[in-house]
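Geometric and topological summary
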Amino acid sequence: MITGAPTPVAPFSHAVAAGDWLFVTGQMPTDPDDDAAPLPDGVAAQTRRVMDNLILVLQGAGASLADVVSVRIFLTEFKRDYAQMNDVYRSYFPVGRLPARTCVGVTGLARDALVEIDLIARRPG
């Protein structure tokens, strides 16, 4: 468990290290300070919350977004939300330094979230 990161919504670790590699579990748009708080409205706000939660997990594991090499994004309303999610997502990375990525549409996510994101990072050594 990583102090300050959101409470996991299922039985899993926030992240697992394998050597220099860090595998970060998919984060939900939950409030790290209040697990019972409602999810933010809309995919843009939920994407911001998910990215901020990923930053908390990365920091707790000794890494940052600069160390991310691969990302997977899951959207429940792919056609409707893809462009808005991309706008928010892109704002978290420097121009020219985007990680490899997969984005897929899914039929549902925990807590009825609109977006979930997991990632792989290589911790600085």
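Please read all numbers here as calculations on a predicted model, not as lab measurements.

Glancing now at the pairing of strand E2 (residues 21-27). In this structure, strand E1 (residues 15-18) lies alongside E2, joined through four bridges in antiparallel fashion. Its bridge partner lying in E2, Ala15 is registered against Val24. Between E1 and E2, which pair antiparallel and follow one another directly, the connecting turn spans two residues, one of which, Gly19, has a positive phi of 65°. Relative to strand E5 (residues 115-122), E2 is paired through five bridges, and the arrangement is antiparallel. Bridge assignment links Leu22 to a residue of E5, and that residue is Ala121.

What follows concerns the nonpolar core. Counting 26 residues, the largest nonpolar core has Leu58, Ile73, Met85, Val115, Ile117 and Leu119 as its most contacted members. When contributions to this core are tallied by element, the ones reaching two or more residues are E2, helix H1 (42-60), strand E3 (68-75), helix H2 (78-90) and E5. Among the elements that take part in this core, H1 stands out by supplying six residues, more than any other. Residues in contact with Val115, not counting those within four places in the same chain, are Gln27, Met28, Pro29, Val43, Gln46, Thr47, Val50, Ile73, Phe74, Leu75, Met85 and Leu109.

Okay, the packing of H1 against H2 next. Taken N-terminus to C-terminus, the directions of H1 and H2 make an angle of 40°; their axes are 9 Å apart at the nearest point. Here H1 is positioned oblique relative to H2, judged by the angle of their axes. Regarding H1 and H2, the two cross each other, and that crossing is right-handed. Contacts between H1 and H2 involve Val43, Ala44, Thr47, Arg48 and Met51 from the former and Asp81, Gln84, Met85, Val88 and Tyr89 from the latter. Here the residues of the contact of H1 with H2 are counted per class, giving six nonpolar, two polar and two charged.

About the criteria used
- Residues numbered from 1 in each chain as written.
- Predicted model: local features only at pLDDT ≥ 70, side-chain atom pairs only at ≥ 80, totals over all residues.
- Heavy atoms only, no water.
- Pairing = 2+ DSSP bridges.
- Helix = DSSP H or I, 4+ residues; strand = E, 2+ residues; numbered from the N terminus.
- Core = buried A, V, L, I, M, F, W, Y, C linked by side-chain atoms within 4.5 Å.
- Buried < 20%, exposed > 50% of the residue type's maximum accessible area, 1.4 Å probe, protein only.
- Contact = heavy atoms within 4.5 Å.
- Axes fitted to C-alpha atoms, helices over the stretch in contact; angles between N-to-C directions.
- Parallel < 35°, antiparallel > 145°, perpendicular 65-115°, else oblique.
- Left-handed = near helix turned anticlockwise from the far one by under 90°.
- Nonpolar A, V, L, I, M, F, W, Y, C, P; charged D, E, K, R; others polar.

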